[in-house]
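# A structural walkthrough
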Amino acid sequence: MKTILVCCGTGCLANGSKKVADALENLIEEKGISAQVKCYVKRTGCNGFCENGPIVKIEPEDIVYYKVRVSDVEEIVEKTLCSGELVNRLLYKDDKGQRVVHQDENPFYAPQKKVALRHIGKIEPASIEDYRSAGGYEALKKALSMTSEEILEEMSKSGLRGRGGAGFPAAIKWKSAAEYPVFPKYVACNGDEGDPGAFMDRSILEGDPHSVLEGMAICALAIGAEEGFLYIRDEYSLAVENVKNAIREAEKAGILGDSIMGSGRKLHLSVVRGGGAFVCGESTALMASVEGRVGEPRAKYIRSVQRGLWDKPTVLNNVETLANVPVIIRDGGEEFARLGTKGSTGTKVFALVGKVKRTGLVEVPMGVTLRHLIFDIGGGIKNDRPFKAVQTGGPSGGCIPASMLDLEVDFDTLTSYGAMMGSGGMIVMDDRSCMPEVARYYINFLAEESCGKCTPCREGLRHMLKILTDICEGRGQEGDLEILEELCETLKDSSLCALGKSAPNPVLTTLKYFREEYEAHIREHRCPAGVCPALTSFEINPDACRGCGACMRACPAGAVTGSLKQPHVIDPEKCVACGSCREACRFEAVLTRGKKQKQAKEVQE
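Residues numbered from 1 in each chain as written. Predicted model: local features only at pLDDT ≥ 70, side-chain atom pairs only at ≥ 80, totals over all residues. Heavy atoms only, no water.

Here the focus is the sheet that holds strand β8 (residues 227-232). Strand order across the open sheet formed by four strands is β9-β8-β7-β10, with parallel pairing between neighbours. For this open sheet the edge positions go to β9 (268-273) and β10 (314-318), each flanked by a neighbour on one side alone. Neighbouring strand axes in the sheet, compared pairwise and without regard to direction, differ in orientation by 20 degrees on average. Relative to β8, strand β7 (residues 186-191) runs parallel, the two sharing six bridges. Note that in β8 the partner of alanine 188 across the bridge is phenylalanine 229. Each of β8 and β9 touches helix α11 (residues 237-252); the most contacted strand, β9, lies at about 165 degrees to it. (Pairing = 2+ DSSP bridges. Helix = DSSP H or I, 4+ residues; strand = E, 2+ residues; numbered from the N terminus. Axes fitted to C-alpha atoms, helices over the stretch in contact; angles between N-to-C directions. Contact = heavy atoms within 4.5 Å.)

Here is the structure:
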């Protein structure tokens, strides 16, 4: 029997994968292939390699095709399904230019170790039978035969730390709730993923929702809860749909509901759509939102494991954390702890995006280096430009420079260098990234998302944003950097929740590792990266220009003129300093200058 797996995660759906799956099913039926070969089309979750979607995988041969279009379907059916031939142009081309047939030969997938993503791309998320055939709910069955103490012991042996960003040991959180003698108790899942460039939780919720439900059920058994909530970002419509369907299917099968697998233990789960605010990803703000109140954080002098939802003990874990739980109970905590490092066990899912050749979801053991992630799995920097920095941990994370590429990626190491693991966002930057502008972008995001409840965060972020905007727009002054550092320390010390306390990270790390860029903006009125329009002018080097016209076609303002195979010219009066010409040029012919440099040159001429 052949199985055709079609990625129907959000990214591939946007590229037409549903039409590809429909066309495959229709053509297989039309040609009567089911009678000859018996083919079955599965609509799976995200495969992780989103930029190369739609992805189609044919089993048991493990043939993987990328960027498949409806127009390719007939050739796939005729050649591969009927004749056993490969469609070479749809195979992935590796770093050496060789076509690879199998997924484990693909340099993006080969170094990965999948635990949280173990089923995604292999099962149909809408089918509980598919999940169970892959070993799903066996861990829950095992947990029903264990005592609460035994479950907590396995969690403790695993060393699992929360994957939502804080890295708090899951076993301690569960044990605290289990021992607190107040009922009812609740389990909750944080699926309010709001970091720019992050889509780890979305992928799991869309592609393997039952693994999260199973993790929540095991947690409920451990702490004595009978009700739980999945708080999912409102924009994740496919995730909401798949999770709701998974809950219905699990209740219909008697796995959840009034009697978990016939044990007499109850667990009712429901979905709450997010309130649309980034701050609702903070635990206490999330719980306020679930209760129907404004999503604002509160001081944590009393922990949620004692007084959470409706002032009752509540365990809140993020999606990825819960997806790991069934593996821990099934295989044992010690087996899980063999992966990763002593202080950060297991694997971590990262959203590798930005100026990197291969972008997508990556799952690797804790402790691998940034170099391994960016250059071995990610393939290095686009257009082979110099690597400049990587921003880890979402908008509240820090920027790590090229000199630290060999840092191990785990909770404690990144924190010690001013960055953070966060939920797993990883944005790669090349030499054309302006670090003051990067800091300004993230502070702008955080200022907009601040709930405004506490003064340090509300006013501090606004003032920081004003200073950073002035620096990027040419109004920076001596003393601005010292004021920024002082504001950062104030926010870290006195903000109410983690949004404000961690907000200074992008500013502090860029000041620490790229201070000369800030100084160039302020003192030389120049953006070294050529990004800030107010501090940058562009001109074309006639000796390097080939007259190909790429810059002229890319310019949105019509500022570039020239004839074919003749040096082009930029009209400074029309140029808006957007940098499109520089991005389009393959010959490094477009030069950048600061505004003062340009004026000095004009005076000399």
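This part is about the nonpolar core. Side chains of nonpolar character tend, in soluble globular proteins, to be buried together. Counting 113 residues, the largest nonpolar core has Trp174, Leu230 and Ile374 as the members making the most contacts within it. Here this core gets ten residues from one element, more than from any other, and that element is helix α10 (residues 209-223). The contact partners of tryptophan 174, leaving out residues within four places of it in the chain, are Ile151, Leu152, Met155, Gly215, Ile218, Cys219, Ala222, Ile223, Val315, Asn317 and Val325. Counting 26 residues, the second largest nonpolar core, distinct from the first, contains Cys457, Cys488, Leu511 and Ile522. (Core = buried A, V, L, I, M, F, W, Y, C linked by side-chain atoms within 4.5 Å. Buried < 20%, exposed > 50% of the residue type's maximum accessible area, 1.4 Å probe, protein only.)

The five strands are arranged β12-β11-β15-β13-β14 in an open sheet whose pairing can be described as mixed. This sheet does not close on itself; its edge strands, each paired only once, are β12 (360-365) and β14 (398-401). Ignoring strand direction, the axes of neighbouring strands in this sheet form an average angle of 30 degrees. Where helix α9 (residues 200-207) meets the sheet, it contacts β11 (347-354), β12 and β15 (425-430), and its direction lies at approximately 115 degrees from that of β11.

A separate point is the packing of aromatic side chains. In the structure shown here, the tally under the stated rule is 13 aromatic pairs. Ring centres of tyrosine 131 and tyrosine 137 lie 5.1 Å apart, and the angle between their planes is 80 degrees; on these two criteria the pair is classed as edge-to-face. For the pair tyrosine 131 and tyrosine 137, one class covers both residues: buried. Here a set of aromatic residues connected by ring pairs shows up, and it is made of Phe49, Tyr66, Tyr92, Phe108 and Tyr109. Geometry around tyrosine 236 places arginine 202 over its ring, the cationic atom sitting 6.0 Å from the centre. (Phe/Tyr/Trp six-rings, centres within 6.5 Å; stacked < 30°, edge-to-face > 60°. Lys NZ or Arg CZ within 6 Å of the ring centre and 35° of its normal.)

This paragraph deals with the packing of helix α18 (residues 455-472) against helix α22 (residues 515-523). At a closest axis distance of 8 Å, the pairing of α18 and α22 adopts a crossing angle of 70 degrees. Taken together, the axes of α18 and α22 lie roughly perpendicular to each other. Contacts between α18 and α22 involve Leu468, Ile471 and Cys472 from the former and Tyr518, His521 and Ile522 from the latter. Residue composition of the contact of α18 with α22, grouped by class: five nonpolar, one polar and no charged. (Parallel < 35°, antiparallel > 145°, perpendicular 65-115°, else oblique. Nonpolar A, V, L, I, M, F, W, Y, C, P; charged D, E, K, R; others polar.)

A few words now on the side chain of serine 433. You can see serine 433 is positioned in the loop between β15 and α17 (435-449). Assessed through its relative accessible area of 11%, serine 433 is described here as buried. In this view, serine 433 contacts Lys388, Glu517 and Ala529; residues no more than four positions away in its chain are not counted.

A few words now on unusual backbone geometry. Note that the residue after glutamate 59, namely proline 60, is joined by a cis bond; omega there is 10 degrees. The amide bond that connects phenylalanine 183 to the next residue, proline 184, takes the cis arrangement and shows omega of 0 degrees. Mapping proline 184 onto the fold places it in the loop between α8 (170-179) and β7. With phi around 60 degrees, aspartate 62 is a residue other than glycine that occupies positive phi space. Looking at where aspartate 62 falls in the secondary structure, it is placed in the loop between β3 (56-59) and β4 (63-65).

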